[in-house]
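What follows is each chain in one-letter form.
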Amino acid sequence: MYSLVCIECGRENDETRYNCECGGLLEVRFKLDEVEIDFKLDGRDMRVWKYRSLLPVRSDPVTLKEGGTPLYRLDRLEKELGIRKIYVKHEGLNPSGSFKDRGMTVGVTKALEFKKNAVACASTGNTSASMAMYAAKAGLKAYVLLPAGKVALGKVAQALMHGAEVIGIRGNFDDALRIVREVCDRAGIYLLNSVNPFRLEGQKTIAYEIADEIGVPDAVILPIGNAGNISAIFKGFEELREIGLTDEMPKMIGIQAEGASPVFKAFKEGKEDIKPLGNPETIATAIRIGNPVNAKKALRAVYRSRGLVEAVSDQEIISAQKILAKNGIGVEPASAASLAGLIKLSKMGAIEGDATVVCIATGNLLKDPETAMKVCGEPKIVDADVEKIMALLT
Ligand code: F0G
């Protein structure tokens, strides 16, 4: 029903590989005319496994009831920016607090199918938290490599509490990914970074849920880090169209942090691949990545959908994080890059007034309490006295 195909040379690969022999990225391809679709796009009962007929598994899934995340409308901002409909899909409300859970439910299920007893990843935080949680559920050993001192506290706490072996390296995420890939090869551990094509299959259900709830929007805007999610969501929309369940495609709009923006630079130059960046830096540590592994897939998604890539400053990210918070949506900094991008693009005149736009909020506010405290300031402390409190009411 599906095979693992190289996006460069088109060769079919064994299911257990992460890259083609030619070095190209792999992608799961379904024989869509043979798949028996057993769901309807009726906006009901949404969750990752509603779409099981389009997910490449052969066994009972390891699930924590991921997906089915809320889509909120930002009506005040619509008026302010003069855009017809702005939605935010709050992926921070998944079990571990980020969109990674959609990929992990599929990835960890595959680890069991392949009879692996350990899984591993390099991570800027969320992947590790999610992997630790699903590995715990499945009874698998989990190893995590993090850039020491550069991962938000909530994420490290999750990975530790769910029982992963957490190792900080003196280096950045790109170093950690290079090392963990080699370690997985040598030790026979199953790699669960987004170079693993099965993870992206789970993440494509973000597209399915959007189409399920509101149809196909004009644009989907999301942060780019390792560049997996934008590729996954594009694939999801493409599949729905190929099957005939929808007949449009959204523009895929990727947003990077200025200090970590190799995909933005490649897009500006019209290139199909990136030049890795040595020292990425941003307050949005989740997307502090200089050599995104899925860059080619991401750029392909952007070009094919007639989308674009933009970069935003840390200040724009924090300002968008606060706007989301004022609308009742608590996200971590990287997540706010999508709204920061929308605001910037709208001011540049790059978003049409009658557009319906969906911003993906990728991770929960609680992931990064330290940055929140830094940008909001500490709470006031006063004596336990009613008059003192009354004096503070504004
Ligand atoms: N937003 C958040 C909150 C993330 O954690 C990530 C990636 C992204 C956006 C970017 O998604 O990599 O698919 O382009 N975090 C990874 C991690 C790298 O290790 O948790 P992407």
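Residues numbered from 1 in each chain as written. Predicted model: local features only at pLDDT ≥ 70, side-chain atom pairs only at ≥ 80, totals over all residues. Heavy atoms only, no water.

1. Brief notes about the site of the ligand
Phase 1 of the analysis: The immediate surroundings of the ligand are formed by 21 residues, with Ser123, Asn126, Thr127, Asn226 and Thr362 found nearest.
Phase 2 of the analysis: A distance of 2.9 Å separates a nitrogen atom of the ligand from a polar atom in the side chain of Lys100.
Phase 3 of the analysis: Separating an oxygen atom of the ligand from a backbone N or O atom of Asn229 is a distance of 2.8 Å.
Phase 4 of the analysis: Relative to its unbound accessible area of 480 Å², the ligand is 99% covered by the protein chains.
Phase 5 of the analysis: Mapping the ligand onto the cavity grids shows that it belongs to the largest cavity.
Phase 6 of the analysis: Elements that contribute at least two residues to the shell around the ligand include exactly helix H3 (126-138) and helix H8 (228-243).
Phase 7 of the analysis: For the shell around the ligand, the residue count by class is eight nonpolar, 11 polar and two charged.
Phase 8 of the analysis: Both domains that meet at the shell around the ligand, namely domain 2 (71-97 + 197-375) and domain 3 (117-188), each give it at least three residues. (Near = heavy atom within 4 Å. Polar contact = N/O pair within 3.5 Å; in protein donor to acceptor, adjacent residues only side chain to side chain. Areas by Shrake-Rupley, 256 points an atom, 1.4 Å probe, with all protein chains shown as cover. 1 Å grid on protein atoms, 1.4 Å probe; cavity = no way out; pocket = protein on both sides within 12 Å on 5 of 7 lines; lining within 4 Å. Sits in = over half its atoms within 2 Å of the grid points. Helix = DSSP H or I, 4+ residues; strand = E, 2+ residues; numbered from the N terminus. Nonpolar A, V, L, I, M, F, W, Y, C, P; charged D, E, K, R; others polar. Domains from an automatic or database assignment.)

2. Some details on the layout of surface pockets
One way to see where empty space is left: roll a probe the size of a water molecule over the atoms.
Phase 1 of the analysis: As a volume, the largest pocket reaches approximately 420 Å³.
Phase 2 of the analysis: Along the wall of the largest pocket there are 21 residues; nearest its centre are Asp218, Ala219, Met249, Pro250 and Lys251.
Phase 3 of the analysis: Elements supplying a minimum of two residues to the lining of the largest pocket: H8 and strand E11 (251-257).
Phase 4 of the analysis: Residue composition of the lining of the largest pocket, by class: 12 nonpolar, one polar and eight charged.
Phase 5 of the analysis: Its volume calculated, the second largest pocket comes out at about 270 Å³.
Phase 6 of the analysis: Lining of the second largest pocket is provided by 16 residues; of these, Glu27, Arg29, Lys235, Glu238 and Glu242 occupy positions nearest its centre.
Phase 7 of the analysis: Residue assignment for the lining of the second largest pocket shows that the elements contributing at least two residues are strand E3 (26-30), H8 and helix H10 (295-304).
Phase 8 of the analysis: When residues in the lining of the second largest pocket are grouped by element, the largest group, seven residues, is from H8.
Phase 9 of the analysis: Two domains each provide a minimum of three residues to the lining of the second largest pocket, namely domain 1 (1-35) and domain 2 (71-97 + 197-375). (Points joined across faces, edges and corners; volume = space filled by probe spheres on them.)

3. So, the pairing of strand E8 (residues 165-169)
Phase 1 of the analysis: Here five bridges tie strand E7 (residues 141-147) to E8, and the two strands are oriented parallel to one another. Counterpart to Leu145 in the pairing with E8 is Ile167.
Phase 2 of the analysis: For the crossover from E7 across helix H4 (residues 153-161) to E8, the handedness is right-handed. (Pairing = 2+ DSSP bridges. Right-handed = clockwise from strand over helix to strand, strands pointing away.)

4. Structural notes on H3
Phase 1 of the analysis: The terminal C-alpha atoms of H3, which comprises 13 residues, lie 18 Å apart, in line with the 18 Å expected from a rise of 1.5 Å per residue.
Phase 2 of the analysis: A large share of H3 lies buried, amounting to 10 of its 13 residues.
Phase 3 of the analysis: Three or more residues of H3 are buried, namely Asn126, Thr127, Ser128, Ala129, Ser130, Met131, Ala132, Met133, Tyr134 and Ala135.
Phase 4 of the analysis: Taken together, the buried residues of H3 touch helix H2 (100-113), strand E6 (118-122), E7, H4 and helix H6 (197-203). (Expected span 1.5 Å × (residues − 1). Buried < 20%, exposed > 50% of the residue type's maximum accessible area, 1.4 Å probe, protein only. Contact = heavy atoms within 4.5 Å.)

5. Points about the UniProt feature "modified residue: N6-(pyridoxal phosphate)lysine" (unreviewed entry) in the chain
Phase 1 of the analysis: Under the local residue numbering, the UniProt record ascribes the feature "modified residue: N6-(pyridoxal phosphate)lysine" (unreviewed entry) to Lys100.
Phase 2 of the analysis: Relative to the helices and strands, Lys100 resides in helix H2.
Phase 3 of the analysis: Beyond its immediate sequence surroundings of up to four residues, Lys100 is in contact with Asn126, Thr127, Ser130 and Arg199. (UniProt positions renumbered as here; feature names shortened; annotations may be inferred.)

6. Structural notes on empty space enclosed by the protein
Phase 1 of the analysis: Per the counting criterion, the structure on display carries one cavity of 30 Å³ or more.
Phase 2 of the analysis: One number sums up the size of the largest cavity: a volume of about 320 Å³.
Phase 3 of the analysis: Phe99, Lys100, Gly225, Asn226 and Ala286 are the residues nearest the centre of the largest cavity, which is lined by 28 residues in total.
Phase 4 of the analysis: For the lining of the largest cavity, the elements supplying multiple residues, two or more each, are H3, H6 and H8.
Phase 5 of the analysis: Looking at the lining of the largest cavity element by element, the count peaks at three residues for H8.
Phase 6 of the analysis: Considered class by class, the residues forming the lining of the largest cavity number 11 nonpolar, 14 polar and three charged.

7. Some details on the UniProt feature "domain: Tryptophan synthase beta chain-like PALP" (unreviewed entry) in the chain
Phase 1 of the analysis: Per the UniProt record, the feature "domain: Tryptophan synthase beta chain-like PALP" (unreviewed entry) sits at residues 62-363.
Phase 2 of the analysis: In the segment residues 62-363, helix accounts for 45% and strand for 17%; the C-alpha atoms at its two ends are 21 Å apart.

8. Some remarks on unusual backbone geometry
Phase 1 of the analysis: Backbone geometry places Asp45, a non-glycine residue, at a positive phi of 55°.
Phase 2 of the analysis: Position of Asp45 relative to the elements: it lies in the loop between E3 and strand E4 (71-73).
Phase 3 of the analysis: Classification of Asp45 as exposed rests on a relative accessible area of 54%.
Phase 4 of the analysis: Phi at Ala227 is positive, roughly 75°, even though this residue is not glycine.

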